[in-house]
Amino acid sequence: MPLLTPLRFSWRRLPAAGVPVKNLGLRTVASGASCPSGASPKAFNIFDRDLKRKQKNWAARQPEPMKFDYLKEEHGSRVQRNGRLLNGFQMGSGPSFRTFIKVGSRIADRVYDIARDFRLALDVGCGRGYIAEHLNKETVGKFFQTDIAENALKNALETEIPTVSVLADEEFLPFRENTFDLVVSSLSLHWVNDLPRALEQIHYVLKPDGVFIGAVFGGDTLFELRCSLQLAETEREGGFSPHVSPFAAVGDLGHLLGRAGFNTLTVDTDEIQVNYPGMFELMEDLQGMGESNCAWNRKALLHRDTMLAAAAVYQEMYRNEDGSVPATYQIYYMIGWKYHDSQARPAERGSATVSFGELRKINDLMSQGKKSQ
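Residues numbered from 1 in each chain as written. Predicted model: local features only at pLDDT ≥ 70, side-chain atom pairs only at ≥ 80, totals over all residues. Heavy atoms only, no water.

Asker: Before we move on, can you summarise the overall build of the protein with the specific residues and values?
Answerer: Broken down by element type, the protein carries nine helices and 15 strands. Relative to its full complement of 373 residues, the protein shows a buried share of 51%. For the protein, contacts bridging at least 24 residues in sequence account for 76% of all contacts bridging at least 6. On the protein, roughly 18,000 Å² of surface is accessible, and the fraction owed to carbon and sulfur atoms is 53%. (Helix = DSSP H or I, 4+ residues; strand = E, 2+ residues; numbered from the N terminus. Buried < 20%, exposed > 50% of the residue type's maximum accessible area, 1.4 Å probe, protein only. Contact = heavy atoms within 4.5 Å. Areas by Shrake-Rupley, 256 points an atom, 1.4 Å probe, with all protein chains shown as cover.)

Structure follows, in structure tokens:
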């Protein structure tokens, strides 16, 4: 039975355009789905998906795309790049580590934590394949990678796992039900117009007892840039427009995963802080990552004096002792399982044989034992 199939999901609004088979060196782009930017209902059509495809294609075409991959690529203890020193990594409220963490490797670590092998796996919004390079063929038998940007698939990183690249939109997955043992996604789903439906599709293509492991940017991502632009634009132009796209809140992810049909949910968060010489260097790197804003209601042009004012506000409010400015990237990691009869289930309500009130007796007995010693 073929893995790829025309879109026949109940949530499909418009027919998706087929993508012809192309030869991309060692990888194959199979027949996928590239949905028109207006295919989502208007209520959910927040992002211009065609513009996002162009942004990611432009970023992947750059001569040295890896120099912008420090959130997705792991580098040494200190990185000198383009004449500026990027240092400083902070996770949660813990100490600062002078290294950069690769989100793809963190997802791979979570895959290795599961004591099983996965015959078929899918990476939704794979980019250049930041997860596959950290997995081995003993854990994953075959890896399908999907992305809307063909240049990202052409420039995919090498991996020892047999890989099939599929040009497809994350919002319209062209696979049959119960196909994959594992689905992963790294820093891509924050750009979909209808996240609940995207999670439902991931659940649809998973086999029973299959697992989804994903990472998205959280609500506090780039709050320094957002505040600086809003203050400067309000002062110079009498109002502001959104220049940083909206992100999901951590409290919403668990609800959305449960609504999509997942169970045994886990959601945790990391916070990465990267230091830049200034606001303009940060914005240059966001463009190089393919992470520029693509919201329909974005303002097409910012005046020069507004940009200069925003850079000054950024420096005044957030600068470090060495003169650099921080940018915060909040990462939410989520894990959800598709139901299977073999999975552990909570006991029925009222079946407990010991009450929580009796736990106090244990503490009393332990205290008496220590005193007798």
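Asker: Go over the pattern of salt bridges with me, naming the residues and quoting the values.
Answerer: Under the defined criterion, the tally for this structure stands at 15 salt bridges. We note a salt bridge from Arg106 to Asp270, for which the minimum N-O separation is 3.1 Å. Of this pair, Arg106 sits in helix α2 (residues 103–112) while Asp270 sits in strand β14 (residues 263–276), and the two are 164 residues apart along the sequence. Here Asp270 falls in the buried class, since its relative accessible area comes to 9%. Notably, a salt bridge pairs Asp194 with Arg197, separated by 3.9 Å at the nearest N-O pair. Taken individually, Asp194 and Arg197 each receive the classification buried, so the pair is uniform in this respect. Among the charged side chains, a network of salt bridges with common partners joins Arg49, Asp169, Glu170, Glu171, Asp194 and Arg197. (Salt bridge = Lys/Arg side-chain N within 4 Å of Asp/Glu carboxyl O.)

Asker: Please give an account of the nonpolar core that cites residues and values.
Answerer: If you look at the biggest cluster of nonpolar residues, it comprises 46 residues, and the most contacted ones within it are Leu182, Ile213, Leu282, Tyr329 and Ile331. Looking at this core, the element that brings in the most residues is strand β15 (residues 325–337), giving seven residues. Filtering out sequence-adjacent residues up to four positions away, Leu282 remains in contact with Leu222, Leu225, Tyr276, Tyr314, Ala327 and Tyr329. In this structure, Phe175, Phe180, Val183 and Met334 belong to the second largest nonpolar core, which totals 28 residues. (Core = buried A, V, L, I, M, F, W, Y, C linked by side-chain atoms within 4.5 Å.)

Asker: Please provide a residue-by-residue account of the side chain of Lys56, values included.
Answerer: Summarising the element assignment, Lys56 is placed in helix α1 (residues 49–61). Classification of Lys56 as buried rests on a relative accessible area of 17%.

Asker: Tell me about the pairing of strand β9 (residues 118–124), residues and numbers included.
Answerer: For β9, the buried fraction is high: six of the seven residues fall into the buried class. Bridge count between β9 and strand β10 (residues 140–147): six bridges; the pairing is parallel. Considered in β10, the bridge of Leu122 is made with Phe144. The sheet contact formed by β9 and strand β12 (residues 180–186) spans three bridges and is parallel. Note that in β12 the partner of Leu122 across the bridge is Val183. (Pairing = 2+ DSSP bridges.)

Asker: Explain the packing of helix α7 (residues 279–289) against helix α8 (residues 304–318) residue by residue, including any values.
Answerer: At a closest axis distance of 9 Å, the pairing of α7 and α8 adopts a crossing angle of 110°. Classified by the interaxial angle, the pair formed by α7 and α8 is roughly perpendicular. Between α7, through Met279, Phe280, Leu282 and Met283, and α8, the contact on the second element is made entirely by Met307, Leu308, Ala310, Ala311 and Tyr314. Of the residues that constitute the contact of α7 with α8, the class distribution is nine nonpolar, no polar and no charged. (Axes fitted to C-alpha atoms, helices over the stretch in contact; angles between N-to-C directions. Parallel < 35°, antiparallel > 145°, perpendicular 65-115°, else oblique. Nonpolar A, V, L, I, M, F, W, Y, C, P; charged D, E, K, R; others polar.)

Asker: Tell me about the packing of aromatic side chains, residues and numbers included.
Answerer: Enumeration according to the criterion identifies eight aromatic pairs in this entry. Aromatic pair Phe212 and Phe262: ring centres 5.9 Å apart, planes at 35°, arrangement tilted. One end of the pair, Phe212, is in strand β13 (residues 206–217); the other, Phe262, is in the loop between α6 (250–260) and β14, and 50 residues separate them in sequence. Here the two residues Phe212 and Phe262 agree in accessibility, since each one is buried. Aromatic pair Tyr314 and Tyr318: ring centres 5.7 Å apart, planes at 75°, arrangement edge-to-face. (Phe/Tyr/Trp six-rings, centres within 6.5 Å; stacked < 30°, edge-to-face > 60°.)

Asker: Can you tell me about the confidence of the model for the protein, naming the residues and giving the values?
Answerer: Low-pLDDT portions of the prediction should not be read for the details of their coordinates. For the protein, the mean per-residue pLDDT works out to 77, and 74% of the residues sit at or above 70. Averaged pLDDT values over the elements of the protein bottom out at 26 in strand β8 (residues 96–97) and peak at 96 in β9. Counting contacts from residues 5–43, a segment whose pLDDT is below 50, to residues more than four positions away or on other chains yields 89 contacts. Taken as a whole, residues 74–101 scores under 50 in pLDDT and shows 68 contacts with residues more than four places along the chain or in a different chain. (pLDDT = per-residue confidence, 0-100.)

Asker: Give me the lowdown on the environment of Ser324, citing residues and values where you can.
Answerer: Inspection of the secondary structure assignment puts Ser324 in the loop between α8 and β15. You can call Ser324 buried: its relative accessible area is 10%. Taking the C-alpha atoms as reference, Ser324 lies 9.7 Å from Val274; in sequence the two are 50 residues apart. Residues in contact with Ser324, not counting those within four places in the same chain, are Asn275, Tyr276 and Arg319. Within the structure, the side chain of Ser324 is placed 2.7 Å from the side chain of Asp322, a separation counted as a polar contact. (Polar contact = N/O pair within 3.5 Å; in protein donor to acceptor, adjacent residues only side chain to side chain.)

Asker: Which residues make up α2, and what values go with them?
Answerer: Extensive coverage of α2 is indicated by the burial of eight of its 10 residues. All of the buried residues in α2 are Val103, Gly104, Ser105, Arg106, Ile107, Ala108, Arg110 and Val111. Those residues of α2 that are buried are in contact with β9, β12, β13, β14 and β15.

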